[in-house]
Amino acid sequence: MTAEVRAFFSSPQFAVVGASSNPAKFGHKVLAWYQAHNLPVTPINPASQTITTSYGEYPAVKSVSQLSEPKRTSLSVITPPPVTLEVLKEAKRVGIPAVWLQPGTFDDEVLSFAHGKDDGYSGDVIAGEGGMGSEGWCVLVDGEKGMRSAGKL
């Protein structure tokens, strides 16, 4: 497990950008994964006031800047690459310490910014090749191992 994954799971709070009430969407599956592991998680979705999973209905915030304690919150991102780039810029502005970019959420431009190029994001980043899944790092596949590495399991 990488130092970035340990740092990600060392945060006391988590948020999911792209959270969804639709069980077929990965934004729903990732949010439910955090809930299933009893981790404090905030759904982020600009179009929904609440997000419902099998664990109940939860108030959503519209953006990363609306998180109550962004500097103590690691962020899972499940958005298309152009949206992900804007999310990373906002995460940088508010001091998010770590981000996990799920497969399909990034392109070369996003990865360049995520890894600090051209005055980009400066926190820990989990994205791209690696992990145990065939498509790269995925919290649904690699999350429990990451939690163990951070002493949370």
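Quick summary incoming for the structure in this document. All of these numbers come straight from a predicted model, not from anything done at the bench. (Residues numbered from 1 in each chain as written. Predicted model: local features only at pLDDT ≥ 70, side-chain atom pairs only at ≥ 80, totals over all residues. Heavy atoms only, no water.)

An ideal rise of 1.5 Å per residue puts 20 Å on 14 residues; helix H3 (residues 81-94) measures up with 20 Å between its terminal C-alpha atoms. Those residues of H3 lying buried are Pro81, Thr84, Leu85, Val87, Leu88, Glu90, Ala91 and Val94. Close packing links the buried residues of H3 with strand E1 (13-17), strand E5 (73-77), strand E6 (98-101) and helix H4 (108-114). Phi for Gly95, located one or two positions after H3, is positive at around 85 degrees. (Helix = DSSP H or I, 4+ residues; strand = E, 2+ residues; numbered from the N terminus. Expected span 1.5 Å × (residues − 1). Buried < 20%, exposed > 50% of the residue type's maximum accessible area, 1.4 Å probe, protein only. Contact = heavy atoms within 4.5 Å.)

Our next topic: the environment of Val41. One can find Val41 in strand E2 (residues 41-44). On the basis of relative accessible area, Val41 is assigned to the buried category, the value being 15%. Sequence-wise, Val41 and Ala15 are 26 residues apart; in three dimensions their C-alpha atoms are separated by 5.0 Å. Residues within four places of Val41 in sequence aside, it is in contact with Phe14, Ala15, Val16, Leu31, Tyr34 and Gln35.

Here the focus is helix H2 (residues 26-36). Burial within H2 is extensive, with eight of its eleven residues counted as buried. Those residues of H2 that fall on the buried side of the exposure criterion are Gly27, His28, Val30, Leu31, Ala32, Trp33, Tyr34 and Gln35. Following H2 by one or two positions, Asn38 has its phi on the positive side, about 55 degrees.

Across the interface, helix H1 (residues 3-10) lies against helix H5 (residues 139-149) with an axial gap of 9 Å and an inter-helix angle of 80 degrees. In terms of their interaxial angle, H1 and H5 are classed as roughly perpendicular. For the pair formed by H1 and H5, the contact residues are Val5, Arg6 and Phe9 on the first element and Val139, Gly143, Gly146, Met147 and Ser149 on the second. Of the residues that constitute the contact of H1 with H5, the class distribution is four nonpolar, three polar and one charged. (Axes fitted to C-alpha atoms, helices over the stretch in contact; angles between N-to-C directions. Parallel < 35°, antiparallel > 145°, perpendicular 65-115°, else oblique. Nonpolar A, V, L, I, M, F, W, Y, C, P; charged D, E, K, R; others polar.)

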